[in-house]
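# Descriptive analysis of the structure
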Amino acid sequence: MSESELRTNMVDLCRSLYDRGFTVGGAGNVSARVDEQTFLATPTGACLGRLKAEELSLIDSQGCLLSGKKPSKEVKFHLALYQDPKVQAVVHLHSTWTTRLSCIKDLDEENSIRPFTPYFVMKIGKVALIPYCKPGDENLARELGKWAGKRNAFLLQNHGPVTTGDSLESAMDLMEEFEETAKLVYLLKGETVKYLSEHEIAQLMNQS
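First things first, this report covers the structure right here in the doc. (Residues numbered from 1 in each chain as written. Predicted model: local features only at pLDDT ≥ 70, side-chain atom pairs only at ≥ 80, totals over all residues. Heavy atoms only, no water.)

## Thoughts on the side chain of Asn111
The test is simple: Secondary structure counts use DSSP, requiring at least four H or I residues in a row for a helix and at least two E residues in a row for a strand, with both numbered from the N terminus. Exposed residues in this analysis have more than 50% of their type's maximum accessible area, buried residues have under 20%, and partly exposed residues fall in between, with area computed by a 1.4 Å probe over protein chains only. Two residues qualify as a contact provided that any one of their heavy atoms is within 4.5 Å of a heavy atom in the partner residue.
Inspection of the secondary structure assignment puts Asn111 in the loop between helix H3 (96–102) and helix H4 (118–123). Overall, Asn111 belongs to the buried group, its relative accessible area being 12%. Setting aside its immediate chain neighbours within four residues, Asn111 contacts Gly125, Lys126 and Val127.

## Notes on the pairing of strand E7 (residues 153–156)
Condition: Whether two strands pair comes down to DSSP finding at least two bridges between them. Handedness of a crossover: with both strands directed away from the viewer, a clockwise path from the first strand across the helix to the second marks it as right-handed.
Residues Ala153 and Leu155 line one face of E7 and the alternating positions Phe154 and Leu156 line the opposite face, and both faces are buried. Strand direction decides the pairing type here: strand E6 (residues 128–130) and E7, joined by three bridges, are parallel. What sits directly across from Leu129, in E7, is Leu155. You can see the chain leave E6, run along helix H5 (residues 138–145) and come back into E7, and the turn it takes is right-handed. The pairing of E7 with strand E8 (residues 160–165) spans four bridges and is classified as antiparallel. The residue of E8 that forms the bridge with Phe154 is Val162. Here E7 hands over to E8 after three residues, with Asn158 in that stretch at a positive phi of 55°.

Shown next as structure tokens:
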């Protein structure tokens, strides 16, 4: 995909997230790899539903602006995740259900959601909990960088979700799955939940 096509694709997919209520106002940020050294990112404070292709931030691997508007300050942690060459896109939202989950105390740091549906296991597997850092903090990039290549979904404590993918579409698909599963966590509260066993999880992981 050319840079021009990637710009159009990012605008369209971000608008879809906004139109369906996954993000509001200027919350959230998205990026995609153009090549080994350059990346497209949403500008600082930009509404994902009103992006313009020509205004997207083109940055290098150090986060320096090459063209377009100033990038989100959180692009630092996007770049940390791009240490894994398989990562082609990063999506971070402040979507309701996953952000709610991020505010719960004493979540499992290795896996924030105990598995209860097969598709979540096959597509995401485990969700790493990232300790709270203020938005844009260098420590947030450092903490996420430790997980590059080991997970494709993360929960930023008291902040919200992050997903990665081998394409912009796959990263966004994972975000939607993540959000819906977090919603189910809440809806099942107080119910006797049948969680997947270790054996059932292992079978699913072998299929994914």
